[in-house]
Amino acid sequence: MAGDLKVRFVQLMHYLQDPLHVARFQQLCGVRETDTRDKLSNGVTGTRHGDVDNRSGDATRRRPAGAETDGEKRNNGVSNGAAGETGRPRDKDEDDAQGSSVKPLRRNSLTGDAGQEFIIENKFLFYLFTFGTELGNELFYISFFPFFIWNIDAYVSRRLVVVWVWVMYLGQCTKDVIRWPRPASPPVVKVEMFYNSEYSMPSTHAMSGTAIPLCLFLLTYGRWEYPLLLGVSLAFSWCFLVCLSRIYMGMHSILDIIAGFLYSLLIVVVFSPALEIIDTFNRTHRYAPLIIISLHVGLGLFSFTLDTWSTSRGDTAQILGSGAGIALASHINYHLGLLPDPTASMLPLQPPSITLSLIALCLLRFVLGVLILLATRAVMKALTIPLVCWLFGIPSGDVRKARQHMEVELPYRYIVYGTVGLNAHFLVPFLFIQMGLL
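Residues numbered from 1 in each chain as written. Predicted model: local features only at pLDDT ≥ 70, side-chain atom pairs only at ≥ 80, totals over all residues. Heavy atoms only, no water.

A. Up close: the packing of aromatic side chains. Counted under the stated rule, the structure contains 20 aromatic pairs. On the numbers, 5.0 Å between centres and 20° between planes, the contact of Phe140 with Phe144 is stacked. With Phe140 and Phe144 both in helix H7 (residues 138–151) and four residues apart, this pair spans about one turn of that helix. With a centroid separation of 5.8 Å and 85° between ring planes, the pair formed by Phe140 and Trp238 is classed as edge-to-face. In this pair, Phe140 is assigned in helix H7 and Trp238 in helix H10 (residues 228–248), connecting sequence segments 98 residues apart. Each of the two residues, Phe140 as well as Trp238, counts as buried. (Phe/Tyr/Trp six-rings, centres within 6.5 Å; stacked < 30°, edge-to-face > 60°. Helix = DSSP H or I, 4+ residues; strand = E, 2+ residues; numbered from the N terminus. Buried < 20%, exposed > 50% of the residue type's maximum accessible area, 1.4 Å probe, protein only.)

B. Up close: helix H17 (residues 406–435). When the terminal C-alpha atoms of H17 are compared, their 41 Å separation across 30 residues agrees well with the 44 Å that a helix rising 1.5 Å per residue should span. Most pronounced at Asn423, the bend in H17 amounts to some 50°. Where H17 terminates, the next one or two residues include Gly436, which has phi positive at roughly 75°. (Expected span 1.5 Å × (residues − 1). Bend = angle between axes of the 7 residues up to and from the residue.)

C. Just the pattern of salt bridges, in detail. Summed over all chains, the structure comprises ten salt bridges. Across the salt bridge formed by Asp341 and Arg283, the nearest N and O atoms sit 3.3 Å from each other. Taken together, the residues Asp341 in the loop between helix H14 (311–336) and helix H15 (356–392) and Arg283 in helix H12 (residues 275–284) connect sequence positions 58 residues apart. Here Asp341 falls in the partly exposed class, since its relative accessible area comes to 26%. Judged by its relative accessible area of 15%, Arg283 falls in the buried class. Each of the salt bridges in this network shares a partner with another, and the network as a whole consists of Arg158, Arg159, Glu276, Asp279, Arg283 and Asp341. (Salt bridge = Lys/Arg side-chain N within 4 Å of Asp/Glu carboxyl O.)

D. Main features of the nonpolar core. Membership of the largest hydrophobic core comes to 55 residues, with the highest contact counts inside it found for Phe144, Trp164, Ile212 and Tyr248. Among the elements that take part in this core, helix H8 (residues 154–178) stands out by supplying twelve residues, more than any other. Once residues lying within four places of it in the same chain are set aside, the contact partners of Tyr248 are Phe25, Gln26, Cys29, Val31, Ile120, Leu125, Phe126, Phe129 and Val191. (Core = buried A, V, L, I, M, F, W, Y, C linked by side-chain atoms within 4.5 Å. Contact = heavy atoms within 4.5 Å.)

E. Highlighting the environment of Phe148. Tracing the sequence through the fold places Phe148 in helix H7. Classification of Phe148 by relative accessible area gives buried; the value is 8%. It is 9.6 Å that separates the C-alpha atoms of Phe148 and Phe366, two residues lying 218 residues apart in sequence.

F. Examining the environment of Val408 more closely. Along the chain, Val408 falls in helix H17. When the C-alpha positions of Val408 and Ser396 are compared, they lie 9.8 Å apart, and in sequence the two are twelve residues distant. The residues touching Val408, leaving out its near neighbours within four places in the chain, are Val388, Cys389, Ile394, Ala402 and Arg403.

G. View of the confidence of the model for the protein chain. Across the protein chain, the average pLDDT comes to 80, with 80% of residues at 70 or higher. Throughout residues 36–98 the model reports pLDDT below 50, and contacts reaching past four residues in sequence, or to other chains, amount to 115 contacts. (pLDDT = per-residue confidence, 0-100.)

H. Geometry of the packing of H15 against H17. At a closest axis distance of 8 Å, the pairing of H15 and H17 adopts a crossing angle of 150°. With respect to H17, the axis of H15 lies roughly antiparallel. Both H15 and H17 take part in a crossing whose hand is right-handed. By residue class, the composition of the contact of H15 with H17 is 20 nonpolar, five polar and four charged. (Axes fitted to C-alpha atoms, helices over the stretch in contact; angles between N-to-C directions. Parallel < 35°, antiparallel > 145°, perpendicular 65-115°, else oblique. Left-handed = near helix turned anticlockwise from the far one by under 90°. Nonpolar A, V, L, I, M, F, W, Y, C, P; charged D, E, K, R; others polar.)

I. Region of the structure containing H12. Of all the residues in H12, the buried ones are Leu275, Asp279, Asn282 and Arg283. For H12, the angular spread of buried residues about the axis comes to 95°, placing them on one side. (Arc of directions from axis to C-beta.)

J. Just the side chain of Ser200, in detail. Along the polypeptide, Ser200 turns up in the loop between H8 and helix H9 (204–220). At a separation of 2.3 Å, a polar atom in the side chain of Ser200 contacts the side chain of Asp256. Once residues within four sequence positions are removed from consideration, Ser200 is found in contact with Lys175, Trp180, Pro181, Arg182, Pro183, Met251, His252 and Asp256. (Polar contact = N/O pair within 3.5 Å; in protein donor to acceptor, adjacent residues only side chain to side chain.)

Below, the structure written as structure tokens:
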């Protein structure tokens, strides 16, 4: 009996990981290859985990992860990207009849691969899922967290960042331990290429797309006055959109998404009761700055030993640096009396009336604050990379190659984004107070 259940479970896992389901969802949403041959109706069958389907229709067994070369680990582009030559290009009449022929969103930052052209037949779904996938990208994080700090609730923001850091860190490390490839293409169309060189299991987009709206709801409901149904609906819609967008983009299998969702729920359940303790320690303990810096650097060193260089390693250092910077800023703010938390007698908070002056003030804070953060990042990047390369004797002429060394990537990302996080939670609010904007 136990043996039958195990076999059925394994079969279910293989079924959920089949890239054919991703390809079918893409076709349902109006994503087509420029090749006029219909892979799903022309003899292509589902491929199991470990199989790669190529243009000729043959299936070859993927070697175990331990047997891959370093180059294959860094770029599973044969399995993750195009596996053969693009079919004949469509002419203009075909494009007008079938949709717009476009290239994948952003070329792969590691390999430079721009991917294969495809046809978009439903522009609404394309823009909707592009927005959904951006909810898990750097541009969103560097906009959302500062905006929330400056305009809504610093208390909620700093606690939300703690959960985000742990969710993303554990997700990235798990990817580099499991080392499962992205869904094979074909049959999948790569609508996005930026993260194609990273491993697939679990989906960190699904993890952040679950943890952020869920924790946002848990941290604000009861603290702010708003309808329960509104909070639940927004959290569910946010999570659902991000998860579906990763399948639409061809970046994850159904299994990757489910695993990311459940993994994120587990982390939230574990960390939610400890948020009060962590936040209080970060703000009040005399040795908090030393422990914050040491802990985040130690986590970065551990993650950098898991695999050869990939975009996930830099992202991990960037996340850890941002988290450390915001935690340090909360310690400084507490001792300087900046951004004090509302007293218990002031709760629950009522959302202010939406007026043109309020909108203008929020936008002014956001624009000025982002400009300061962008300037911080540019200056720190220009200073840090040459300095670190000089300290470790690494040539700095080719920055892209220099960053592939752990000795450069870890301190560069950590210092730059640690400073950005510090300025977002301390320097920018301090300047706003001096300018009478806060």
